[in-house]
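One letter stands for each residue in the lines below.
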Amino acid sequence: MGVHRCRRCAADSVINMSQHRLALCETHFSEWVESMTLNFIKKHRMFEAGHRVLVAVSGGKDSLSLWRILLKLGFHADGLYIDLGIDEGCGYSSRSRAYARKFTQDQLFQTKLHVVDLAEIYGKTVLEMAACRMGGKKKLCSVCGLVKRHEMNRVTRELGYEVIVTGHNLDDEAAVLLGNVLQWEAEYLSRQSPVLPADGLGLVKKAKPLARFYERETAAYAIINGIDYILDECPFSLGATSLRLKEILNSMENSSPGTKLRFYFNFLRTKKKNLFQEFERPMLSLCEKCGQATGAPGLCAFCRLL
Amino acid sequence: MTIREMITSLGLNPQSVLAVKEGKLISNETRLGSQGEIKLIPVISGG
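Reading guide: rules and limits
Once a new chain begins, its residue numbering starts again from 1 and follows that chain's sequence as written. Chains carry letters from A onward and ligands carry numbers from 1 onward, assigned in written order. Local features are withheld for residues below a pLDDT of 70 in this predicted model, meaning they are given only at 70 or higher, and side-chain atom pairs are given and counted only at 80 or more; totals for whole chains, interfaces and linings count all residues. A run of DSSP states H or I qualifies as a helix once it reaches four residues; a run of E qualifies as a strand once it reaches two. Both are numbered from the N-terminal end. Contact criterion: two residues are in contact if their C-beta atoms, reconstructed from the backbone, are within 7 Å. One nonpolar core equals one set of buried Ala, Val, Leu, Ile, Met, Phe, Trp, Tyr and Cys residues connected by C-beta atoms within 7 Å. Burial in this document is a count-based property: other C-beta atoms within 10 Å of a residue's C-beta are tallied, and the residue is buried at 20 or more, exposed at 12 or fewer, or partly exposed in between, with C-beta positions derived from the backbone. Throughout, the ten residues Ala, Val, Leu, Ile, Met, Phe, Trp, Tyr, Cys and Pro are labelled nonpolar, Asp, Glu, Lys and Arg are labelled charged, and all others, Gly among them, are labelled polar. A pair of strands is treated as paired once DSSP finds two or more bridges between them. Consider the strands pointing away from the viewer: the crossover is right-handed when the path from the first strand over the helix to the second runs clockwise. Working convention: axes come from line fits to C-alpha atoms, limited for helices to the stretch in contact. Angles between N-to-C directions cover 0 to 180 degrees. Any angle that falls under 35 degrees is termed roughly parallel, while one over 145 is termed roughly antiparallel, one within 65 to 115 roughly perpendicular, and all others oblique. Crossings are assigned a handedness: left-handed for a near helix turned anticlockwise from the far helix by less than a right angle, right-handed for a clockwise turn. pLDDT is a residue-level measure of predictor confidence that goes from 0 to 100.

What about the environment of isoleucine 38 of chain B?
Residue and element names in this part refer to chain B. Looking at the element boundaries, isoleucine 38 is found in the loop between β2 (24-26) and β3 (39-42). Taking the C-alpha atoms as reference points, isoleucine 38 and leucine 25, 13 residues apart in sequence, are found 9.8 Å from one another. Setting aside chain neighbours within four positions, we find isoleucine 38 in contact with Ile3, Ala19 and Lys21.

Encoded structure:
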């Protein structure tokens, strides 16, 4: 058996997606990704034509692919890059920022990139913010997540975007799901979703339009469409649990195509049948300094880092 | 030998890489020729 023919034309396929029993050529694969993304956006009521969408970009394949797909679909989509200042000895933040910038120069679509430089605005890089908290590398990743969420929310609100979207793919979601199942983190499981609505206290709507695609598919989309992206991982992600979980899932996927798809989508279907109880959200108040929602009175966790 | 067989013989999971030849994505079912260069691009990101 040689290379499969594209399901939609006579050309040689460039990707064979066993989980869908679908092999496609370059052109039809791109069209398939764009069409499936639009279906997913509509199914989960993420946003509509005419809405201003902010895309959180890291300079990596998923977020840049997402940005391109949304522009191709005709959405008003601008980018947000948060420069965490991870540069010592590796230039990671500088290089990933350059890839995000390059994307706007390469595209034929009208778009803009907002840049939040932590050191410029707050006088500290994420490493310096994490240094004042004990706990080593694990705490650094936790601080990084907190910082990104805070800034994503702040910028989305201040600039009046209807929603912020991230490039999380199905592999990301399945790894998080597996991690939460292994620990039976019921509260996190009840909240895991491709879309999180806005709330009355200023938390903006967040969505993951690529959550139905395997990581291999978002990478293929980037390569086929000539999107230049950073290949390097964050230097602090070495040994991250999420990578180990992805390895496990991919091993299962290899011997049983569709495992990841079924795991994630059956979870979403089962959630709708109230498998998990609704957890009462903690009372939120507004941070005294930045005005963003926080679980405890006084300063929010982000402002306490400054 | 196909690209898939080559990937597996290197101890890699076909789910975690894509094969590119001269800048173009190629299917894992492609048979390796006697000449040319294939690049394997890792697709898994994390952390």
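Examining the nonpolar core
In terms of nonpolar packing, the biggest core is built from 80 residues, with Val53, Val55, Trp67, Leu70, Val126 and Ala220 of chain A touching the most fellow members. Leaving out residues up to four positions away in the same chain, leucine 70 of chain A has contacts with Val53, Val55, Phe75 and Ala77 of chain A.

A short note on the interface of chain B and chain A
In this assembly, 19 residues from chain B lie in contact with 30 residues from chain A. Here the residues of the side of chain B that touches chain A sort into eight nonpolar, nine polar and two charged.

Observations regarding the pairing of strand β4 (residues 76-83) of chain A
Residues and elements named next belong to chain A. Of all eight residues making up β4, seven are buried, and the element is well covered by its neighbours. Both strand β3 (residues 52-57) and β4 contribute to a ladder of six bridges, which runs parallel. By the bridge assignment for β4, valine 57 is matched with tyrosine 81. Handedness of the β3-helix α2 (residues 61-72)-β4 crossover: right-handed. For β4 and strand β5 (residues 113-117), the ladder comprises five bridges, and the chain directions are parallel. Looking at the pairing, leucine 80 lines up with histidine 114 of β5. Between the parallel pair β4 and β5, the chain is carried across by helix α3 (residues 92-106), and the sense of this crossover is right-handed.

With respect to the sheet that holds strand β8 (residues 205-207) of chain A
Residue and element names in this part refer to chain A. If you walk across this open sheet you meet the six strands as β5-β4-β3-β6-β8-β7, and the pairing is mixed. Of all strands in the sheet, those with a lone pairing partner are β5 and β7 (195-196), marking the two edges. For β3 and strand β6 (residues 163-165), the ladder comprises three bridges, and the chain directions are parallel. When the bridges of β6 are listed, valine 55 appears paired with valine 165.

A word on the packing of helix α1 (residues 26-43) of chain A against helix α9 (residues 215-224) of chain A
When two helices pack together, their arrangement is given by the angle between their axes and by how far apart the axes lie. All names here are of chain A. At a closest axis distance of 10 Å, the pairing of α1 and α9 adopts a crossing angle of 125 degrees. Taken together, the axes of α1 and α9 lie oblique to each other. Where α1 crosses over α9, the handedness of that crossing is left-handed. Between α1 and α9, the contacting residues are Glu26, Phe29, Ser30 and Val33 on the first element and Glu217, Ala220, Tyr221 and Ile224 on the second. Its residues placed into classes, the contact of α1 with α9 shows five nonpolar, one polar and two charged.

As for the confidence of the model for chain B
On average, residues of chain B score 90 in pLDDT, and 96% of them reach the 70 mark or higher. Per the prediction output, this complex has pTM 0.93; the corresponding ipTM is 0.94.

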